[in-house]
Amino acid sequence: MDGKGKYFLGVNLPAFPWRPWRPWRLIFELCSQASLHPAGFLAPLSFGRLPSDGTDVQLAANYQFISPRRPVLGAKSIETPAMDVPGVSPQPLRDSALSRASAFALAIAVTLAVVPGCSKSATSAAGEDAAEIAGAEITDKMFAAYRDARSYTDHATYVQSYSYRGEGVERELPFFEMSLAYQQPNFIRLRFDEALRSDEGTARGFDIAANGTVMRASAVELPGQVLEAKAPTTITVENFLPDPLIREVFNNRAVGDVFPQLAMLLSDDDEAPVFPEDEAPRLLDQQLLGDRNCYRVATTSPKGKRIFWIDASSYVLRRMELPIEGDRRQFDPENQYANLAVWIDFKDPTFNAKIDEETFAKELGEGEQLVRRLIPAPPAAPSERLGETLVEFKFETPDGASVTNESLQGKTVLLDFWQVDCAPCKAHTPELEKVYQQLKDNDKFAFYAVSLDGKNRVSNDVAARTLKNWGGTFPLLRDPDVTAEKLQVAGTPTLMLLGPDGRLQYFHIRQHRDPQQLASMIQKVLDGADLAAEARAEHQLLLKKYESDLAAAAESGDLLQINVARPEFGVRALPEKVVVSELWQAAPEEIKAPGSFLISPADGDDSTAPPSILALDGGQAIVEFDLAGKLVARHEIPGNAAVANGFLRSAKNINGERLIAVGGVGWQKLHVFDHQWKPILAFPQDKNPGIADVQLAALTPEAEPMLYVGYWGGVGVQGVGLDGKRRWAIRSFDQVVQLTVAPADLSHAADAEPTAAAASSTTPRNLWGTSDRGTIFVLGPNGKPQPEIVVGLREIMHLAIRPEPLEGAARCAGLAVEAVGHYDVVGFDPDGEVRWQYELPAGEYAHQVERIQSVDLPGHGPAWMVAAPDGSIIWLGPDGQLIDQFRYAKPLTGLALTNMPDAAILLVSTPDSLTAWKLGEGTAKDGKSAKEEQQQ
């Protein structure tokens with residue numbers, strides 16, 4: 001560093017024979033990774049080249065401090081010590097495209113001018129660099145225009161351009177239409193419709209509207225249903241599609257590939273570029289699009305080239321050509337196009353337009369009803385042709401022998417109708433050959449490939465040779481009398497399966513891709529099954545289930561409405577089958593606002609040492625008791641403004657040291673203590689909509705525990721390291737309710753709380769959670785969403801998972817909202833299948849409490865322990881049957897059960913008391929305490 005505040009850097013670099021005058025890129029890469037200030041980085045002002053022995057290039061560069069700019073493409077970054085805020089990403093230091101642009105423009109020209117021996121290749125490199133610089137500047141201006149827009153409107157068309165091989169005629173086919181109106185922060189109207197209907201006459205599409213209060217959505221494929229949910233506080237790329245059935249439109253593509261304008265409007269995360277896989281923006285020649293002059297900027301990605309057509313005046317995106325090279329088979333499965341391109345044309349894109357409020361309102365149409373979630377429609381009814389006896393047909397073998405209904409009587413017959421120029425026919429022939437080889441030795445089965453090619457056009461030899469070249473050895477038939485028309489064969493390939501009585505049992509149009517399924521159906525017919533009757537019966541069952549599911553979704557109440565049904569607490573009544581006696585009660589001066597519990601195993605290697613009881617005292621402190629009720633310590637929560645009850649979480653780090661996390665519903669921060677009760681983290685630092693739940697766990701073996709934080713208000717779920725840095729964030733959930741840890745494979749047991757000794761042997765685990773949607777979302781260790789779990793169309797708010805599988809019993813249990821003030825406990829399998837349900841006493845929960853837990857109840861074994869709204873403690877067996885209940889007659893704020901060698905201890909908190917009860921086998925007769933029994 002010189003006296004003027006500038007830095008001097010000298011680096012020896014190997015020569016670059018393929019591009020000898022561009023080693024400055026590596027220089028800049030090194031410098032961009034070396035931050036000397038948390039709010040900026042060093043940029044080169046000038047370069048000089050010093051001749052050497054020809055094997056190394058020596059560069060000297062002067063740098064000055066400049067501020068970072070926001071990246072728009074896939075840019076490398078280094079993190080800064082900026083504080084982490086929910087929903088607001090840290091400002092990283094970036095090697096962004098624009099940063100290179102402004103700082104390098106003069107430097108490159110100077111460098112290339114002074115380098116001795118500069119040749120045509122150097123001039124070419126200079127032109128390439130200038131194109132990259134200009135492309136980076138223009139794309140950055142485009143992103144800035146969208147990022148700064150208060151509102152936006154457009155209409156768009158998705159177009160496929162193609163020409164058939166050997167034809168040379170360009171065709172354009174519109175296949176989707178879209179319109180968008182958006183206004184910050186949570187107003188949106190998005191219509192997305194298929195421009196052309198399929199061969200079956202169906203279409204795809206959806207309509208989404210959010211007016212700042214309510215979000216509604218409907219799908220063309222699901223007539224009569226309108227999803228209604230609370231509007232997110234902020235529309236994001238994760239939550240603007242409010243239902244999994246609508247999110248299927250992405251088909252594993254990035255948001256920017258489907259809705260690029262929306263991705264730019266909603267992008268608010270500096271760590272996640274809008275087009276993360278795109279690199280090297282390069283300015284192409286300008287062109288007119290309609291009457292608008294447009295910059296054309298090309299980027300590269302693993303799927304191919306993307307080209308932005310950017311308005312030269314307003315920097316609005318007017319066309320985007322999609323990178324499809326990597327997905328070409330999806331667009332051209334038969335490889336029939338010589339030229340193929342897909343783009344999106346944006347018509348009348350307008351920034352900061354005044355939008356009528358009615359635009360964001362979606363009214364119910366005739367025959368429509370509101371639902372909590374969209375219900376998949378049942379499959380179409382089986383064709384009326386199934387079960388019918390086919391009309392008389394006559395085909396011929398290549399040697400002229402006739403094959404008719406009569407000659408095939410008594411046999412199960414598969415007919416494959418095909419043509420020599422049919423690519424799907426060729427594609428599925430090897431699969432059909434597998435079926436033929438599996439069944440050809442059965443004399444009750446016949447398989448024929450019926451060529452629909454006219455004999456004048458395709459000879460028998462050509463047809464036979466074609467079938468053989470495709471991999472088919474099954475017998476060939478010809479159709480000289482065009483009998484296939486009588487059978488209503490509309491195209492190829494078509495499969496028809498006939499029963500021994502000549503009735504149609506199954507038919508399939510288009511390529512068949514599952515030979516095992518086909519072979520299984522044929523075998524069922526051979527065994528005497530009537531597939532046509534079975535298909536109709538199955539459809540009726542699916543139709544009834546659909547109607548039932550739709551009714552359940554439509555009857556849902558407001559998931560967030562509380563305190564509208566006050567419970568009746570009644571008089572305390574002891575259990576009838578479980579012996580209960582009072583062990584001790586904490587003194588009021590020891591704990592003023594008793595809340596949640598955590599049973600903390602003793603530190604050290606002695607597994608027989610008794611655990612400690614940790615109880616939350618409001619939001620102010622964690623109070624530690626021994627098993628006899630003696631106060632051990634009080635650990636204050638530093639600087640915590642929350643006064644309401646919360647929850648306690650625990651895990652061991654890789655060194656075997658126990659960590660304690662404390663948080664609460666609505667709290668602004670969670671706090672983490674080390675094994676010596678030293679505060680090591682308070683997260684997050686800035687204001688947020690409120691914490692909903694926290695888990696402290698290691699989801700992968702041999703890993704340090706992480707914090708998994710769920711929020712209210714659209715922030716979603718974040719994975720946070722113990723250093724306070726956010727590792728990932730998912731904002732698809734507006735109001736998170738609960739988080740819990742589950743084995744990745746629930747067929748294997750997993751510790752509810754892994755210890756250091758077991759950390760290496762535990763199976764990978766996932767994060768399960770609930771939200772105001774009522775479904776169970778599943779996130780992998782890296783935050784990657786897994787398929788949601790729908791529990792019999794019930795709205796699950798709280799859930800628990802049994803640590804060990806129990807044969808024949810439900811592994812999971814959840815608290816389901818049936819209506820406001822009415823809850824059921826539901827036992828279900830990991831796939832969402834409901835095993836049982838138990839109705840709880842009416843009322844709403846007025847306090848935070850662990851509402852459902854898996855426990856081991858003395859004398860009864862595995863059980864579910866439930867804190868009911870009326871203050872009852874209910875124990876249910878694995879089959880959902882009532883074991884016993886303890887009518888506590890007070891609102892519950894904490895509940896836990898721990899098993900000791902000689903007894904089990906039940907810990908119960910209410911707003912004004914903390915009591916420990918001894919549980920035993922036998923019949924409860926009175927409420928004498930253990931102390932009274934000892935005195936007698």
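So, here is what we can say about the structure in this document. (Residues numbered from 1 in each chain as written. Predicted model: local features only at pLDDT ≥ 70, side-chain atom pairs only at ≥ 80, totals over all residues. Heavy atoms only, no water.)

Topic: the sheet that holds strand β45 (residues 822–828)
The 4 strands are arranged β43-β44-β45-β46 in an open sheet whose pairing can be described as antiparallel. The open sheet has two edge strands, β43 (795–801) and β46 (834–839), and neither has a second partner. Across the sheet, the mean angle from the axis of one strand to that of its neighbour is 25°, orientation sign disregarded. Here 6 bridges tie β43 to strand β44 (residues 812–819), and the two strands are oriented antiparallel to one another. Bridge assignment links Leu 799 to a residue of β44, and that residue is Gly 814. (Pairing = 2+ DSSP bridges. Helix = DSSP H or I, 4+ residues; strand = E, 2+ residues; numbered from the N terminus. Axes fitted to C-alpha atoms, helices over the stretch in contact; angles between N-to-C directions.)

Regarding the pattern of salt bridges
Taken as a whole and judged by the stated rule, the model has 28 salt bridges. Measuring nitrogen to oxygen at the nearest pair gives 2.7 Å for the salt bridge that ties Arg 296 to Asp 285. Within this pair, whereas Arg 296 is found in strand β14 (residues 292–301), its partner Asp 285 is found in the loop between β12 (279–283) and β13 (287–289), the two being separated by 11 residues in sequence. The class of Arg 296 is buried, set by a relative accessible area of 9%. Here Asp 311 and Arg 318 are joined by a salt bridge, their closest N and O atoms 2.6 Å apart. Note on accessibility: Asp 311 and Arg 318 belong to one class, buried. Members of the salt-bridge network, linked through shared partners, are Arg 189, Arg 191, Asp 207 and Lys 362. (Salt bridge = Lys/Arg side-chain N within 4 Å of Asp/Glu carboxyl O. Buried < 20%, exposed > 50% of the residue type's maximum accessible area, 1.4 Å probe, protein only.)

Here we look at helix α11 (residues 531–554)
End to end, α11 covers 34 Å across 24 residues, agreeing with the expected 34 Å (1.5 Å per residue, within 8%). Every buried residue belonging to α11 is among Leu 531, Ala 532, His 539, Tyr 546, Asp 549, Leu 550 and Ala 553, and all of these are buried. At its buried positions, α11 is contacted by β11 (225–230), β18 (369–371), β24 (494–498), β25 (504–509) and α10 (515–526). (Expected span 1.5 Å × (residues − 1). Contact = heavy atoms within 4.5 Å.)

Remarks on the pairing of strand β17 (residues 337–351)
Bridge count for strand β6 (residues 151–164) against β17 is 12 bridges, and the pairing is antiparallel. Bridging from a neighbouring strand, His 155 pairs with Lys 347 of β17. Note that strand β16 (residues 317–321) and β17 share 3 bridges and pair antiparallel. Within β17, the residue paired with Glu 321 across the bridge is Trp 343.

Describing the pairing of strand β31 (residues 647–652)
Within a regular strand, side chains alternate between the sheet's two faces. By the criterion of burial, β31 is predominantly enclosed, with 5 of the 6 residues buried. Strand direction decides the pairing type here: β31 and strand β32 (residues 658–663), joined by 6 bridges, are antiparallel. The partner of Lys 652 across the bridge, within β32, is Arg 658.

Observations concerning the side chain of Lys 362
Turning to its location among the elements, Lys 362 is positioned in the loop between β17 and β18. A residue is classified by how much of its surface remains accessible, and Lys 362, at 10% relative accessible area, is buried. Polar contacts involving the side chain of Lys 362 include one to the side chain of Asp 207, which spans 3.2 Å. Of the polar contacts made by the side chain of Lys 362, one reaches the side chain of Ser 218; its length is 3.0 Å. Not counting residues within four places of it along the chain, the set of residues in contact with Lys 362 comprises Arg 189, Asp 207, Ala 209, Arg 216, Ala 217, Ser 218 and Val 226. (Polar contact = N/O pair within 3.5 Å; in protein donor to acceptor, adjacent residues only side chain to side chain.)

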